[in-house]
Amino acid sequence: MSDIHWTEDGEQRSARWHSESSAAPPSRVVVVDDTLTADRAYRMARAGTALLWRGDHHNARQLLKALDRRLDKDAARRGDDGSDFATHRAARARRAEVLGRLVVELEDDHSLRLRRAPDVREAATAAYGAPHRKVIALQELLGVIGAHQWQTKGVPVPALGESVHPGYGVFSPVRGEYVDLVAEAPLDPVPATAFDLGTGTGVLAVLLARRGVGRVLATDLNPRAVASARSTMEQFDLADRVEVVEADLYPQGRAELVVCNPPWLPGAPTSDLEAGVYDRDSAMLRGFISGLAEHLEPGGEGWLVISDLAEHLGLRTREELLGWFAEAGLAVVGRLDTAPRHGRASDARDALHAARRAEVTSLWRLAPVS
């Protein structure tokens, strides 16, 4: 982490810069308040100036929305509809960069000293750990607040009949299709052991244990996910049957069933949360496929749960996926498909609507070629 510097009330000041998306610390910081117009704020943010907000909290949120609208207008003037995925992602990165230049300061106790500001101390500490003074993007802070609400209230998982409570920076199981597929896939006989790779909140590990699997070993590379999954096991009283460990994909040993729900899109994630969506160079997907045979007990199966959205976006072909299976000596012994139920699939205003409407999520049942 680096410090940033600015002038305020005739004094030189500084604070630690923090960004969950690893955004570079701004080189120019200007103190602003409610007198700043949205047009001027937009020009300054686009030019690379960070705007350290000292005005009313609600007005800051309104300014953020005004900046977002101006980004939309500029995109419309350029004729950029975002339907090409590379262009769409570049536009989203640029949007995040501009919006991320409206920043706020958290005090030594993680309080936010702005007029009409909510008490963010608990949410910020849950996300960042021990309190210390820092400057962050307002957009990030709003995400921290929203994530804390999810963690506190929980995210309903119909297949479990209960909610799970994802920690900050852990991908939330808001899309139930992949959970339902694991709930419906045949288990005959019920395996004694299973691995859940990239467990996240641990929802699939819970489901496997509830379906009768005697011992589940769940792994994740993200320490936040490991902590979140362990908390989930305590919640469901499964800590004695589900072990959660920090590991890069496979643990040691073999299992009768190996389940993996990797990120569905090839690409470089910009944060821990995006690592649940983007898989750099398809590394996790290909690592699961290439390592499956050597980690299965004789007669065992691997379950790959993945959407074909990447295929509809031109990021991967079905032939490539099937070729990776063949290279790893795997045969497809079954497949379950389901259509998406999330709102974007039916939202014609979404730039990627055509691809999302055609999307199918599948559970591929894989076994070594005998």
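Now for a description of the structure that goes with this document. (Residues numbered from 1 in each chain as written. Predicted model: local features only at pLDDT ≥ 70, side-chain atom pairs only at ≥ 80, totals over all residues. Heavy atoms only, no water.)

## Examining the sheet that holds strand β12 (residues 255–260)
Here is step 1: Pairing within the open sheet is mixed, and its 7 strands lie in the order β11-β10-β9-β12-β15-β17-β16. The sheet is open, and its two borders are formed by β11 (242–246) and β16 (330–338), each paired with just one other strand. Strand-to-strand twist in this sheet, taken as the mean axis angle between neighbours without regard to direction, amounts to 20°.
Here is step 2: Where strand β9 (residues 193–197) lies against strand β10 (residues 215–220), 5 bridges are found, and the strand directions are parallel. When the sheet's bridge partners are listed, F195 is paired in β10 with L217.
Here is step 3: Relative to the sheet, helix α8 (residues 223–235) contacts β10 and β11, its axis offset from that of β11 by approximately 170°.
Here is step 4: Lying over the sheet, helix α9 (residues 283–295) contacts β9, β12, β15 (296–307), β16 and β17 (361–368), oriented at roughly 165° with respect to β15. (Pairing = 2+ DSSP bridges. Helix = DSSP H or I, 4+ residues; strand = E, 2+ residues; numbered from the N terminus. Axes fitted to C-alpha atoms, helices over the stretch in contact; angles between N-to-C directions. Contact = heavy atoms within 4.5 Å.)

## Structural notes on the layout of surface pockets
Here is step 1: As a volume, the second largest pocket reaches approximately 220 Å³.
Here is step 2: Along the walls of the second largest pocket sit 13 residues, with D188, P189, E256, G299 and E301 positioned nearest its centre.
Here is step 3: Mapped onto the lining of the second largest pocket, the elements with two or more residues apiece are β12 and β15.
Here is step 4: The greatest single-element share of the lining of the second largest pocket, amounting to 5 residues, is contributed by β15.
Here is step 5: A per-class count over the lining of the second largest pocket returns 7 nonpolar, 2 polar and 4 charged. (1 Å grid on protein atoms, 1.4 Å probe; cavity = no way out; pocket = protein on both sides within 12 Å on 5 of 7 lines; lining within 4 Å. Points joined across faces, edges and corners; volume = space filled by probe spheres on them. Nonpolar A, V, L, I, M, F, W, Y, C, P; charged D, E, K, R; others polar.)

## Focus: the packing of aromatic side chains
Here is step 1: Going through the model one piece at a time under the given rule, you end up with 2 aromatic pairs.
Here is step 2: For the pair Y128 and Y168, a centre-to-centre distance of 6.4 Å together with 70° between the ring planes defines the contact as edge-to-face. With Y128 in helix α4 (residues 121–128) and Y168 in the loop between β8 (162–164) and α6 (177–184), this pair connects stretches of sequence that are 40 residues apart.
Here is step 3: Taking 5.5 Å as the distance between ring centres and 65° as the angle between the ring planes, the aromatic pair formed by F325 and W364 counts as edge-to-face. Of this pair, F325 sits in helix α11 (residues 318–327) while W364 sits in strand β17, placing them 39 residues apart in sequence. Across the pair, W364 and F325 agree in class, each one buried.
Here is step 4: In this arrangement the basic side chain of R89 is found over the ring face of Y278, its NZ or CZ atom lying 3.6 Å from the centre.
Here is step 5: The ring of W364 is capped by R335, whose NZ or CZ atom sits 4.9 Å from the centre of that ring. (Phe/Tyr/Trp six-rings, centres within 6.5 Å; stacked < 30°, edge-to-face > 60°. Buried < 20%, exposed > 50% of the residue type's maximum accessible area, 1.4 Å probe, protein only. Lys NZ or Arg CZ within 6 Å of the ring centre and 35° of its normal.)

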